[in-house]
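# Secondary and tertiary structure notes
The primary structure of each chain is shown beneath.
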Amino acid sequence: MTSAKGDERERILQAAFRLFAALGYDATEIVQIAEAAGLSTKAVSSQFGAKRDLYLAVMERAHALHSAVVEARVRDVQTAPIAEKVTAIHRFIDAYIDFSAGNPEVPALWMHRWLSDARDVSNLEAEYVQPLAEFAIENIIPATEAPDADVHYTINTLVWCVHGFVLSGVFDAAGRRRGPDDPRAMRRFRAHMHQMIHRTLGLPGSPPPAS
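Below or above, wherever it landed, is the structure these notes cover.

Definitions and limits used
- Residues numbered from 1 in each chain as written.
- Predicted model: local features only at pLDDT ≥ 70, side-chain atom pairs only at ≥ 80, totals over all residues.
- Heavy atoms only, no water.
- Helix = DSSP H or I, 4+ residues; strand = E, 2+ residues; numbered from the N terminus.
- Contact = heavy atoms within 4.5 Å.
- Areas by Shrake-Rupley, 256 points an atom, 1.4 Å probe, with all protein chains shown as cover.
- Lys, Arg positive; Asp, Glu negative; His and termini not counted.
- Charge placed at Lys NZ, Arg CZ, Asp CG, Glu CD.
- Expected span 1.5 Å × (residues − 1).
- Bend = angle between axes of the 7 residues up to and from the residue.
- 1 Å grid on protein atoms, 1.4 Å probe; cavity = no way out; pocket = protein on both sides within 12 Å on 5 of 7 lines; lining within 4 Å.
- Points joined across faces, edges and corners; volume = space filled by probe spheres on them.
- Nonpolar A, V, L, I, M, F, W, Y, C, P; charged D, E, K, R; others polar.
- Buried < 20%, exposed > 50% of the residue type's maximum accessible area, 1.4 Å probe, protein only.
- Polar contact = N/O pair within 3.5 Å; in protein donor to acceptor, adjacent residues only side chain to side chain.
- Phe/Tyr/Trp six-rings, centres within 6.5 Å; stacked < 30°, edge-to-face > 60°.
- Salt bridge = Lys/Arg side-chain N within 4 Å of Asp/Glu carboxyl O.

### What to know about the overall build of the protein
- Counting secondary structure elements, the protein contains nine helices and two strands.
- Overall, the protein is about 60 × 45 × 30 Å in size when its C-alpha atoms are taken along their principal axes.
- Of the contacts made within the protein by residues no fewer than 6 positions apart, 67% connect residues no fewer than 24 positions apart.
- Here the protein displays about 11200 Å² of accessible surface, and carbon together with sulfur accounts for 52% of that area.
- Here the protein contributes 22 positive and 26 negative side-chain charges, whose respective centroids are spaced 5 Å apart.

### Overview of helix α7 (residues 124-140)
- An ideal rise of 1.5 Å per residue puts 24 Å on 17 residues; α7 measures up with 24 Å between its terminal C-alpha atoms.
- In α7, a bend of some 30° at Gln130 exceeds every other bend along the element, and Pro131, a proline, comes one to four places later.

### A look at the layout of surface pockets
- Each pocket or cavity is described by its volume, and for the largest pocket that value is around 390 Å³.
- Lining the largest pocket are 20 residues, and of these Tyr96, Val129, Ala133, Asn156 and Val159 sit closest to its centre.
- For the lining of the largest pocket, the secondary-structure elements that each account for two or more residues are α4 (51-79), α5 (85-102), α6 (105-114), α7 and α8 (151-168).
- Counted as a void, the second largest pocket has a volume near 190 Å³.
- Lining of the second largest pocket is provided by Phe165, Val170, Phe171, Asp172, Ala173, Arg178, Asp182, Arg184, Ala185, Arg188 and Phe189.
- Broken down by secondary-structure element, the contributors of at least two residues to the lining of the second largest pocket are β1 (170-171) and α9 (183-201).
- Of the residues forming the lining of the second largest pocket, the biggest block, four residues, is contributed by α9.
- Of the residues in the lining of the second largest pocket, the class split is six nonpolar, no polar and five charged.

### Considering the environment of Ala16
- Inspection of the secondary structure puts Ala16 in helix α1 (residues 3-23).
- Look at Ala16 and you get buried, because its relative accessible area is 0%.
- With 69 residues separating them in the primary sequence, Ala16 and Lys85 have C-alpha atoms 39 Å apart.
- Residues within four places of Ala16 in sequence aside, it is in contact with Ile33, Leu54 and Val58.

### Description of the side chain of Asp182
- If you trace the backbone, Asp182 turns up in the loop between β2 (177-178) and α9.
- A polar atom in the side chain of Asp182 sits 3.0 Å from the backbone nitrogen of Ala185.

### Comments concerning the packing of aromatic side chains
- Scanning the entire structure with this criterion turns up five aromatic pairs.
- A centroid spacing of 6.5 Å and a plane angle of 80° characterise the contact between Tyr153 and Trp160, whose relative ring orientation is edge-to-face.
- Relative accessible area serves as the criterion here: at 42%, Trp160 is assigned to the partly exposed category.
- The interplanar angle of 5° and the centroid separation of 4.1 Å between the aromatic rings of Phe165 and Phe189 together place this pair among those described as stacked.

### Here we look at the pattern of salt bridges
- Tallying each qualifying case throughout the model produces eight salt bridges.
- For Arg61, the salt bridge goes to Glu10, with nearest N and O atoms at 2.7 Å. Taken together, the residues span a long stretch of sequence, with Arg61 in helix α4 and Glu10 in helix α1 at a distance of 51 residues.
- We note a salt bridge from Arg113 to Glu125, for which the minimum N-O separation is 2.6 Å. A residue pair is termed long-range when its members are at least 10 positions apart, and Arg113 in helix α6 and Glu125 in helix α7 qualify at 12 residues.
- Given a relative accessible area of 11%, Arg113 falls into the buried group.
- Here the salt bridges share partners, and the residues they tie into one network are Asp172, Arg176, Arg178 and Asp182.

### Overview of unusual backbone geometry
- With phi around 70°, Ser116 is a residue other than glycine that occupies positive phi space.
- As for its placement among the helices and strands, Ser116 is situated in the loop between α6 and α7.
- Non-glycine residue Ala118 carries a positive phi angle of around 55°.
- One can find Ala118 in the loop between α6 and α7.

What follows is the structure in structure tokens.
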């Protein structure tokens, strides 16, 4: 592949990433992606084929970005001595919040799927989401002390809350929406997630103080 072709492919992929995240798969057309990339629809089709193939390429990239962060932090939990596993879990929470806030297109892509977008593209959750979630769950279980802690639902609650906060924020007392770009709202949300996960899992000690 020539450098020009490689640059062209990357422009298409970035444009598709943004548009699928903003509009969803069903509402995005190849012509829109081509216009955003500054190319023809023929060039897009030449590089990726049908819209479905381009969407799969986008989701593969989103998963690669996501899994690199999650796997690194979960491996920290996996390899930490028992006395340090709680600290490693809290670092995992911070890393997930930071990644999602820094890459809001990734949670947006999955949020669209939660709302039944791209229903004709199946198995992405089984291929990408489930193995990553199970890896996290298996390595967090040894640190829990609450006998009735449901680690599966707790990890999913973390994902739901983080994605919701990053994409929609919360309303303050005046009815203004506050999200991750508001430092105070971000501090409050981060502290809340640490306390919620710590207490739900029955982790020993106290959650870290709010920074």
